[in-house]
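# Secondary and tertiary structure notes
Here is what each chain is made of, one letter per residue.
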There are 2 protein chains.
Amino acid sequence: MMLYSYPKKMKLKEFQQYLKQEKIDLTVFIHPDINITYFTQLKPSFALLVITPTTASFYLSGLDDAPKLKCISVKVLKKGWEKKLANPKVKRVGINKDVISVGFWEKLHKIFPKAKLVDVSGELKKLRAQKTVEEIKKIAHACKVTDDAFNELINHWKKYKFKTEQDVSHFMEEYFSKHNCTTAFPTIVAMGKNAAIPHYNTSNCKLKRGFLLLDFGASYQNYNADCSRTVFIGNPNKAEKKLYELLLKAQQNATAQIKEGKTFWELQQLVRMQLGKYSSHFIHLLGHGVGIEIHEAPSFSMEAKEKIKNGQVFTIEPGIYFPKKCGLRIEDTILFGGKVKVLTKSKKELITL
Amino acid sequence: MMLYSYPKKMKLKEFQQYLKQEKIDLTVFIHPDINITYFTQLKPSFALLVITPTTASFYLSGLDDAPKLKCISVKVLKKGWEKKLANPKVKRVGINKDVISVGFWEKLHKIFPKAKLVDVSGELKKLRAQKTVEEIKKIAHACKVTDDAFNELINHWKKYKFKTEQDVSHFMEEYFSKHNCTTAFPTIVAMGKNAAIPHYNTSNCKLKRGFLLLDFGASYQNYNADCSRTVFIGNPNKAEKKLYELLLKAQQNATAQIKEGKTFWELQQLVRMQLGKYSSHFIHLLGHGVGIEIHEAPSFSMEAKEKIKNGQVFTIEPGIYFPKKCGLRIEDTILFGGKVKVLTKSKKELITL
């Protein structure tokens with residue numbers, strides 16, 4: 001089997017090719033559009049990025065550190081930039097409709113009164129869903145730090161004397177910080193019945209016997225990891241072990257079934273079949289794309305009908321939830337490039353603490 | 001002198017009064033509009049908030065924890081919400097033009113084809129610039145944790161054996177995390193010439209003799225603190241001490257001159273006068289409003305001509321920068337309510353380490 005070859009560079013050239021093809025004279029990105037970070041790999045407090053079929057200009061405040069970028073010229077955003085940008089020859093201006101504010105859109109209409117504003121959000125999603133070598137390195141490193149934090153947690157559980165959910169989430173987030181990462185999202189630590197709420201807000205609830213759900217991830221140089229593990233405090237009974245095994249098998253089976261051309265929705269239906277009578281307790285999508293945003297393309301939704309493609313990074317995260325009782329979720333961040341590579345390698349056999 | 005009495009509650013009622021007055025039937029806020037957090041004090045991963053002159057509905061994903069809120073009903077965002085919201089009687093729909101995306105604006109036009117979409121961003125800025133008792137408590141707590149982190153840093157400087165700028169920024173951010181806060185913004189730790197760039201990106205640059213600029217702040221329950229201190233590693237010479245003293249006096253004098261009705265721009269001109277020959281080395285605004293966003297109203301810009309008003313929280317942060325040599329900045333977060341209250345109380349006399 002020929003393995004997929006990941007693209008080497010950020011996709012600026014490819015986007016410029018698209019602009020040329022669609023006869024878009026220039027595309028304007030404005031803070032806080034995450035695509036600015038995608039193209040520049042930087043996250044300044046304010047910026048404007050203008051991409052034409054042949055050039056790219058990154059405008060920063062004069063108070064910022066001026067970086068050196070390949071293929072992108074860095075300029076200071078000065079008063080009157082609107083007039084400088086104005087050009088009566090411009091006929092089509094690209095915008096990211098998902099993000100650009102109505103206020104800035106009106107401003108663009110004034111700068112280019114005769115131009116048509118064209119939505120480029122679909123192309124951006126497509127580009128970003130297929131990761132480059134550089135992006136994969138960053139995501140893989142974020143996943144490694146995520147695994148390291150989890151291993152430290154479970155290997156020295158007694159030493160840390162955690163008493164509440166928050167004690168555990170603080171530990172994880174401090175670990176990320178100590179290892180040159182930030183937290184990709186507020187860590188979920190959900191004890192017992194709290195875990196029945198998939199997006200539970202970690203509280204000062206005390207740890208006790210039962211399933212403990214952890215959903216955590218480091219972010220390294222703007223790229224994210226996403227991982228969930230469900231451990232057990234105390235000794236699980238047979239039914240609890242069986243429930244966990246069912247979910248684990250479903251997660252592993254879904255991972256094994258990842259194949260180019262199959263839709264994410266099909267994959268989800270497989271998991272539903274395998275969960276049998278617990279299928280109705282699996283109340284969310286099977287996963288989502290991960291990258292510079294914690295939730296990005298590809299989409300797993302029924303409506304999207306997206307197909308699995310080479311170069312994508314996404315999660316596989318089935319869960320079973322019993323309102324007011326308990327919740328279990330097992331989630332990995334996965335890279336697909338001809339074959340499946342599980343980037344989060346934390347132990348998945350039921351851990352008892 | 002009569003002291004100003006801070007409003008007790010979040011400003012929902014006041015905003016509803018405005019909607020009534022402007023004959024706006026409803027205002028729709030969508031993620032990631034920070035005003036959702038302003039009205040609900042929550043920061044869910046996705047939400048929709050609909051405020052009418054008499055009601056407020058907070059729509060969350062079914063995967064979220066459903067909170068209990070005063071005066072706001074919490075609902076699950078279900079498929080077909082657009083149809084439920086549609087109402088041919090609606091004539092004027094409020095939107096926050098600064099944030100709402102062109103994509104969502106088009107969706108609102110479809111939901112309310114006969115309605116006029118009216119910008120409410122100015123009113124939101126006005127409301128948010130005047131803080132409530134509850135907001136002030138949170139900001140003051142964030143400032144306390146910020147001060148505590150700085151005190152721990154300087155009191156035990158030798159113990160921590162910091163070698164690089166990043167060592168120091170990690171220390172600060174871990175301290176915030178350990179004390180139930182997050183970092184309000186990426187901590188700036190700038191050694192020597194690095195500090196000449198006001199928005200410097202902290203690096204692994206080694207600590208050495210000279211001015212070390214720190215710009216740091218904790219965020220507590222979504223409310224931010226903002227503080228800068230410039231310390232000296234080694235022994236400063238006379239000229240260095242004199243420069244620091246000049247800046248400190250300018251900062252203290254500006255703080256003493258805060259008065260209701262005076263414009264922020266006037267205050268800034270006073271600082272420029274006091275800095276004398278160094279005035280041209282003060283290359284940014286004197287300050288900015290702080291609250292649920294690290295930069296919010298009031299604006300200190302010349303164009304805005306905003307006047308100091310009761311209930312505002314803002315920074316006073318003059319700086320002197322010498323490109324490729326060094327940079328100094330001293331910044332406090334200040335509450336104005338008839339009299340001036342400096343919320344960040346970290347020592348301002350030149351600290352040598």
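Residues numbered from 1 in each chain as written. Chains lettered and ligands numbered in written order. Predicted model: local features only at pLDDT ≥ 70, side-chain atom pairs only at ≥ 80, totals over all residues.

### Points about the overall build of chain A
- Tallying secondary structure elements over chain A gives ten helices and 17 strands in all.
- Compactness check: chain A gives a C-alpha radius of gyration of 23 Å against a globular reference of 20 Å for 353 residues, within 12% of the reference.
- Principal-axis analysis of the C-alpha atoms places the extent of chain A at approximately 75 × 45 × 35 Å.
- Within the span of chain A, comprising 353 residues, buried residues form 42% of the whole.
- Taking the contacts inside chain A whose residues are at least 6 apart along the sequence as the reference set, 67% of them involve residues at least 24 apart. (Helix = DSSP H or I, 4+ residues; strand = E, 2+ residues; numbered from the N terminus. Rg over C-alpha atoms; globule rule 2.2 N^0.38 Å. Buried ≥ 20, exposed ≤ 12 C-beta atoms within 10 Å, placed from the backbone. Contact = placed C-beta atoms within 7 Å.)

### Re the sheet that holds strand E8 (residues 188-191) of chain A
All names here are of chain A.
- Pairing is antiparallel in the open sheet, where three strands are placed in the order E8-E9-E12. Bordering the open sheet on either side are E8 and strand E12 (227-233), each of which pairs with just one other strand. Each strand axis lies, on average, 15° off the axis of its neighbour in the sheet, ignoring direction. (Pairing = 2+ DSSP bridges. Axes fitted to C-alpha atoms, helices over the stretch in contact; angles between N-to-C directions.)

### Looking at the confidence of the model for chain A
- Across chain A, the average pLDDT comes to 96, with 99% of residues at or above 70.
- What the predictor reports for the complex is a pTM of 0.93 with an ipTM of 0.91. (pLDDT = per-residue confidence, 0-100.)

### Considering unusual backbone geometry
- Here the bond from His-31 of chain A into Pro-32 of chain A is cis, since omega is 5°, no more than 30 degrees from zero.
- If you trace the backbone, Pro-32 of chain A turns up in the loop between strand E1 (26-30) and helix H2 (34-40).
- One non-glycine residue with positive phi stands out, namely Asn-180 of chain B, at about 60°.
- Looking at where Asn-180 of chain B falls in the secondary structure, it is placed in the loop between helix H8 (165-178) and strand E7 (182-183).

### Side note on the pairing of strand E14 (residues 319-322) of chain B
Residues and elements named next belong to chain B.
- Alignment of E14 against strand E15 (residues 326-329), held across four bridges, turns out to be antiparallel. Note on E15: the bridge partner recorded for Ile-320 is Leu-328.
- Here E14 folds back onto E15, and the loop between the two strands holds three residues, one of which, Lys-324, carries a positive phi near 65°.

### Some details on the interface of chain A and chain B
- On the side of chain B, 25 residues touch chain A, which itself brings 25 residues to the contact.
- Counting only elements with at least two residues in the side of chain A that touches chain B, the list comes to helix H4 (102-111) and helix H8 (165-178) of chain A.
- For the side of chain A that touches chain B, the element with the most residues is H8 of chain A, which contributes five residues.
- Of the residues belonging to the side of chain A that touches chain B, the class tally is nine nonpolar, nine polar and seven charged. (Nonpolar A, V, L, I, M, F, W, Y, C, P; charged D, E, K, R; others polar.)

### With respect to the sheet that holds strand E12 (residues 227-233) of chain B
Residue and element names in this part refer to chain B.
- The three strands are arranged E8-E9-E12 in an open sheet whose pairing can be described as antiparallel. Of all strands in the sheet, those with a lone pairing partner are strand E8 (188-191) and E12, marking the two edges. This sheet shows a mean twist of 15° between the axes of neighbouring strands, independent of strand direction.
- Sheet strands touched by H8: E8 and strand E9 (210-216). Its angle to E8, the strand with the most contacts, is close to 155°.

### Section: the domain arrangement of chain A
Residue and element names in this part refer to chain A.
- When cut into domains, chain A gives domain 1 (12-129) and domain 2 (133-342).
- Counting residues at the interface gives eight residues for domain 1 and nine residues for domain 2.
- Listed by contribution, the elements that provide at least two residues to the side of domain 1 that touches domain 2 are H2 and helix H5 (121-129).
- Here the residues of the side of domain 1 that touches domain 2 sort into three nonpolar, two polar and three charged. (Domains from an automatic or database assignment.)

### Description of the nonpolar core
- Of all hydrophobic cores here, the largest spans 179 residues; its most connected members are Leu-49, Ala-142 and Ala-218 of chain A together with Leu-49, Ala-142 and Ala-218 of chain B.
- In contact with Ala-218 of chain A, not counting residues within four places along its chain, are Ala-142, Val-145, Thr-146, Ala-149, Phe-176, Cys-181, Thr-183, Ala-184 and Ala-225 of chain A. (Core = buried A, V, L, I, M, F, W, Y, C linked by C-beta atoms within 7 Å.)

### Some words on the relation of the copies chain A and chain B
- Superposing chain A onto chain B requires a rotation of 180° together with a translation of 0.0 Å along the rotation axis, leaving an RMSD of 0.0 Å. Accordingly, the operation relating the two chain copies is best matched by a two-fold axis. Within chain A, Ser-101 of chain A has its C-alpha nearest the rotation axis, a separation of 2.2 Å.
- Of the interface residues in chain A, 100% have counterparts in chain B that sit at the interface too, so the contact is made through matching surfaces. (Least-squares fit on C-alpha atoms with pLDDT ≥ 70 in both.)

### Section: helix H5 (residues 121-129) of chain B
Residue and element names in this part refer to chain B.
- Three or more residues of H5 are buried, namely Glu-123, Leu-124, Leu-127 and Arg-128. Summarising the axial view, the buried residues of H5 lie within an arc of 125°, below the 170-degree limit, and thus occupy one face.
- Where H5 is buried, its residues touch helix H1 (12-21) and helix H2 (34-40). (Arc of directions from axis to C-beta.)

### Describing the packing of H8 of chain A against H8 of chain B
- At a minimum axis separation of 10 Å, H8 of chain A and H8 of chain B run at an interaxial angle of 175°. In terms of axis orientation, H8 of chain A runs roughly antiparallel to H8 of chain B. Touching His-170, Glu-173, Glu-174, Ser-177 and Lys-178 of chain A of H8 of chain A are His-170, Glu-173, Glu-174, Ser-177 and Lys-178 of chain B, all from H8 of chain B.
- Residue composition of the contact of H8 of chain A with H8 of chain B, by class: no nonpolar, four polar and six charged. (Parallel < 35°, antiparallel > 145°, perpendicular 65-115°, else oblique.)

### What about the environment of Ala-297 of chain A?
Residue and element names in this part refer to chain A.
- Within the secondary structure, Ala-297 is located in the loop between helix H10 (264-275) and strand E13 (312-316).
- Separated by 207 residues in sequence, Ala-297 and Val-90 have C-alpha atoms that sit 31 Å apart.
- The contact partners of Ala-297, leaving out residues within four places of it in the chain, are Lys-125, Arg-128, Ala-129 and Gly-289.

### Here's the deal with the environment of Thr-52 of chain A
All names here are of chain A.
- As for its position among the elements, Thr-52 is in the loop between strand E2 (47-51) and strand E3 (56-60).
- For Thr-52 and Ile-24, which are 28 residues apart along the polypeptide, the C-alpha to C-alpha distance reads 7.7 Å.
- Here Thr-52 is in contact with Leu-19, Asp-25 and Leu-26, once residues within four sequence places are set aside.

### Focus: the pairing of E2 of chain A
Residue and element names in this part refer to chain A.
- Burial runs high along E2: five of the five residues are buried.
- By the alternation rule, side chains of E2 split into Ala-47, Leu-49 and Ile-51 and Leu-48 and Val-50, which are all buried.
- Of the pairings in the sheet, the one linking E1 to E2 comprises four bridges and is antiparallel in character. Looking across to E2, one finds that Val-28 is bridged to Val-50.
- Pairing between E2 and E3: five bridges, direction antiparallel. The residue bridging Ala-47 from the neighbouring strand is Leu-60, located in E3.
- The turn joining E2 and E3, which pair antiparallel and follow one another in sequence, is formed by four residues.

### Details of H10 of chain A
All names here are of chain A.
- Taking 1.5 Å of rise per residue, twelve residues should cover 16 Å, and H10 covers 17 Å from first to last C-alpha, within 8% of that figure.
- Looking at H10, one finds that the buried residues are Phe-264, Leu-267, Gln-268 and Val-271. Viewed end-on, H10 has its buried residues packed into an arc of 100°, placing them on one side of the element.
- Contact partners of the buried residues in H10: helix H9 (238-256).
- Gly-276 sits one or two positions beyond H10 and adopts a positive phi of about 55°. (Expected span 1.5 Å × (residues − 1).)

### What about the packing of H9 of chain A against H10 of chain A?
Residues and elements named next belong to chain A.
- Where H9 meets H10, the closest approach of the two axes is 9 Å, and the angle between their N-to-C directions is 155°. Relative to H10, the element H9 is oriented roughly antiparallel. Seen along the crossing, H9 lies across H10 with a hand that is right-handed. Here H9 contributes Leu-246, Lys-249, Ala-250, Asn-253 and Ala-254 to the contact with H10, which in turn contributes Leu-267, Leu-270, Val-271, Gln-274 and Leu-275.
- Among the residues making up the contact of H9 with H10, the classes are represented as seven nonpolar, two polar and one charged. (Left-handed = near helix turned anticlockwise from the far one by under 90°.)

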